[in-house]
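# Architecture at a glance
The lines below spell out each chain.
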Amino acid sequence: MNQELPTDLPVLTEVVDGDEPPLLTEVVEEAPATPAELPAPASTEPARTSEPPALTGVLDARLDALIIEHLLPRLEAAQHQAVTQALAEFKQALPRLLHETQDNPPAA
């Protein structure tokens, strides 16, 4: 299963539109690249930021303050709306639930 491919395989040199199959007209000979010929990766180290650590702390504090200032009120409003909606749905379903419980008492 691990057979080497022949080196004189034809290469498709142009794209053909329509129903006719493309014609392979040119043979390109390429020697497979050896590991020594492959370019080495630039670096495996993560990119370093040029900001001093104190500035990063200031940015973190500012971002925290902005989040609390702008997003916390919206979160509180959304939570209040969710609780209000859940209570309304429960109040609407309560009579039906009580009737079902009265009609089908739990077995003791």
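Values in this document were obtained by computation on a predicted structure and should not be read as measured data.

What counts, and where the lines are drawn
- Residues numbered from 1 in each chain as written.
- Predicted model: local features only at pLDDT ≥ 70, side-chain atom pairs only at ≥ 80, totals over all residues.
- Heavy atoms only, no water.
- Helix = DSSP H or I, 4+ residues; strand = E, 2+ residues; numbered from the N terminus.
- Buried < 20%, exposed > 50% of the residue type's maximum accessible area, 1.4 Å probe, protein only.
- Areas by Shrake-Rupley, 256 points an atom, 1.4 Å probe, with all protein chains shown as cover.
- Salt bridge = Lys/Arg side-chain N within 4 Å of Asp/Glu carboxyl O.
- pLDDT = per-residue confidence, 0-100.

This part covers the overall build of the protein chain. Each helix and strand counted, the protein chain has one helix and two strands in total. Across the 108 residues that make up the protein chain, the buried fraction comes to 1%. Surface summary for the protein chain: the accessible area is close to 10800 Å², and the carbon and sulfur share equals 60%.

With that settled, consider the pattern of salt bridges. Following the criterion strictly, the structure yields one salt bridge and no others. For glutamate 100, the salt bridge identified is with arginine 96, shortest N-O distance 3.1 Å. Taken together, the residues span about one helical turn, with glutamate 100 and arginine 96 both in helix α1 (residues 53-103) at a distance of four residues.

A residue-level look at the protein chain finds 53% of positions with pLDDT of 70 or above and a mean pLDDT of 77. Across the protein chain, α1 holds the top mean pLDDT of 90, while strand β2 (residues 26-27) sits lowest at 58.

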